[in-house]
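So the chains spell out like this:
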Amino acid sequence: MAGTSESEKRFRFVVVGGGIAGVTCAEQLALQFPSEDIALLTAAPLVKTVTNFRQVSKTLQDFSVEEQPASILEEKYPNLKVIHSAVKGLHAKQHVLQTENRQVFHYEKLCLCSGARPKLLIPDNPNVLGIRDTDSAQEFQKHLSKAKRMVVVGNGGIALELVYEVEGCEVIWAIKDKAIGNTFFDAGAAQFLIPSLEADKPEKALPCKRTRYTTASKDDHSQSSDVSSQGSTAEGSGELGSALGPDWHEGISLRGTEEVSHRVHVEYECEIKTIYSQQDFMKSPLHTQETDLGLWPVYAHLTNGKTFGCDFIVSATGVVPNTEPFLHGNNFELADDRGLKVNEHMLTSVPDVYAAGDVCTAGWEPSALWQQMRLWTQARQMGWYAARCIVADVLEEPIELDFCFELFSHITKFFNYKVVLLGKFNAQGLGSNHELLVRCTKGHEYVKVVLSGGRMMGAILIGETDLEETFENLILNQMDLSSYGEELLNPNIDIEDYFD
Ligand code: FAD
């Protein structure tokens, strides 16, 4: 690095974002170019690092994520400089970035890994929360510790975990689908999981030993709003911490004020129409129609006509890529979900600007067995692969799309069950051209296989099925399984031996 003035610096490689994608990318670049200085610019004071990485099978990966001070990363990679400042502008033609603290960074190659933030039903309302980072999880905990009832909106992974983990607080769960967990499951799997919501939660086996670092919380301002008139979502602002991962709730108490363990009531096929503050609700016609709702800080009026008073609302309706600081004056191609579109080399439509993780959208023709989902695993894979692409570009070497993009695979936990998702696990994009085989033992396991033309295209494995490796192989090798029929899921057959 050669500094041109105190506020102007030059790095050959600059990465923006201290989440999993950015840190993985910066680490790889630091390893590949030990004699070059690499800059990691990040808005949050802590960075995310991958620990306990385990390659479970050919494509399944399991790992933990730790939030650490930047100094730990710098000690590990002497040529990596972490700069704590948010980027506020990009002049891609000049290859220059500007940060909030008025520093200017020149780069040769840039990788944007600025993540995404929750879509909020309404912004800046103290009774409507999103969960994304450590700060927002703490804010949520603070509200919960005083709450009797909350309304959760959304049906993805965060909502699923939340309704299961929360105790001592009644949960009204509003979902727009016919079954819970629609992002990950079909209705059958949802039915398998529902009893867990009705039962008391089992005691945790082990206390969380992970070190946690926290940052200060923010002030709130009050208001109430008509959600429907805002086109269903508005985005929160100022959420610049890294996204949490699967264990976001570990180490924090998710207890309300009531004695109950679980009390979850699901409202299917609806969304929130209007959110009222207590004051506005008292003045609204609804108040005269619905006299027995009680006195609550906030009221959610749903599109199915029902109204619920509650202490607060959690908005878990997906995320919006953090692209704003980079768009002005540049010609980025954006995908429909507003992510930066990247090609098979993780390159955006702007020369020398790469992107990885939640901020980007895969713009290449995907393999028949892969789809993008904004998950930890993919953030790591994309960050790693983006660095490899930058290296190949600089060294003028060819590079092929990494094998990890061949088959979608994800391992996680929902409702205390191990969950493995493979390929087109929900028959995504297969239309009616598929058949399903299901095996289910209540409270024990749920196995679903998606077949198309006799070939296995995807699978959902809930519980300790031990089938992930065999099924991954069957999906990858696309063997014709027509002759096996339902025997494929016969519990009396050791399927591993069968296909040896
Ligand atoms: P992030 O982790 O969001 O990091 C973005 C980084 O960019 C941050 O460091 C931020 O400070 C920085 N940044 C943003 N703007 C700027 C700027 N202008 N200038 C400089 N820096 C900037 N995934 C799973 O696989 N399994 C799960 O069970 C799971 N559970 C989740 C639970 C919760 C509550 C949440 C919120 C997410 C969960 N996810 C889960 C999703 C997963 O956490 C994300 O997909 C992943 O962390 C994305 O990584 P990233 O590096 O792309 O972005």
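Residues numbered from 1 in each chain as written. Predicted model: local features only at pLDDT ≥ 70, side-chain atom pairs only at ≥ 80, totals over all residues. Heavy atoms only, no water.

The name given to the protein in an unreviewed UniProt entry is Pyridine nucleotide-disulfide oxidoreductase domain-containing protein 1, with the source organism recorded as Pygocentrus nattereri. Checking UniProt for the protein, the heading Cofactor (unreviewed entry) contains the comment "FAD". Listed under Function (unreviewed entry) in UniProt, the entry text for the protein is "Probable FAD-dependent oxidoreductase; involved in the cellular oxidative stress response. Required for normal sarcomere structure and muscle fiber integrity." (UniProt positions renumbered as here; feature names shortened; annotations may be inferred.)

Explanation requested: helix H9 (residues 376-394) in the structure shown.
Every α-helical turn comprises 3.6 residues, leaving residues that sit three or four positions apart pointing alike. Over its 19 residues, H9 extends 27 Å from the first C-alpha to the last, a length consistent with the 27 Å expected when each residue adds 1.5 Å. Most of H9 is tucked away: 16 of the 19 residues are buried. The first or second residue beyond H9 is Glu396, which carries a positive phi of 55°. (Helix = DSSP H or I, 4+ residues; strand = E, 2+ residues; numbered from the N terminus. Expected span 1.5 Å × (residues − 1). Buried < 20%, exposed > 50% of the residue type's maximum accessible area, 1.4 Å probe, protein only.)

What is the right way to look at the packing of aromatic side chains in this model?
The relative placement of two aromatic rings is captured by the distance of their centres and the angle of their planes. Under the counting rule described, the total for this entry stands at 18 aromatic pairs. With centroids separated by 5.6 Å and ring planes inclined at 25°, the aromatic side chains of Trp364 and Trp370 adopt a geometry described as stacked. The exposure class assigned to Trp364 is buried, which follows from its relative accessible area of 8%. The ring of Phe33 carries the charged tip of Arg12 above its face, separated from the ring centre by 5.9 Å. (Phe/Tyr/Trp six-rings, centres within 6.5 Å; stacked < 30°, edge-to-face > 60°. Lys NZ or Arg CZ within 6 Å of the ring centre and 35° of its normal.)

What's the story with the side chain of Asn125 in this structure? I'm lost.
Structurally, Asn125 can be placed in the loop between strand S9 (116-120) and strand S10 (128-129). For Asn125, a relative accessible area of 6% puts it in the buried group. A polar contact is formed between the side chain of Asn125 and the backbone nitrogen of Asn127, at a distance of 2.8 Å. (Polar contact = N/O pair within 3.5 Å; in protein donor to acceptor, adjacent residues only side chain to side chain.)

How should I be thinking about unusual backbone geometry in this particular structure?
Comment: phi is negative for the bulk of residues other than glycine, and the bulk of peptide bonds are trans. Located in the positive-phi region is Arg102, a residue other than glycine, with phi close to 65°. As for its placement among the helices and strands, Arg102 is situated in the loop between strand S7 (96-99) and strand S8 (104-112).

What is the right way to read the domain arrangement of the protein from this model?
By a widespread convention, an interface's size corresponds to the accessible area lost as its parts come together. On domain assignment, one finds that the protein holds domain 1 (7-115 + 322-403), domain 2 (120-204 + 223-315) and domain 3 (416-498). If you average the C-alpha positions of domain 1 and of domain 3, the two centres end up 34 Å apart. Across the contact, eleven residues belong to domain 1 and 14 residues belong to domain 3. Summing both partners gives a buried area of about 960 Å² for domain 1 against domain 3, and 61% of it is carried by carbon and sulfur. Among the residues domain 1 hides against domain 3, the three largest losses belong to Leu60, Leu369 and Gln371. Together they make up 52% of the total. (Domains from an automatic or database assignment. Contact = heavy atoms within 4.5 Å. Buried area = accessible area lost by both parts, 1.4 Å probe.)

Help me understand the side chain of Arg380, please; the structure alone is not making it clear to me.
Summarising the element assignment, Arg380 is placed in helix H9. Put simply, Arg380 is tucked away with no salt bridge, and the nearest opposite charge, on Glu27, sits 7.4 Å away. Beyond its immediate sequence surroundings of up to four residues, Arg380 is in contact with Ile20, Thr24, Val50, Phe53, Gln61 and Phe63. (Lys, Arg positive; Asp, Glu negative; His and termini not counted. Salt bridge = Lys/Arg side-chain N within 4 Å of Asp/Glu carboxyl O.)

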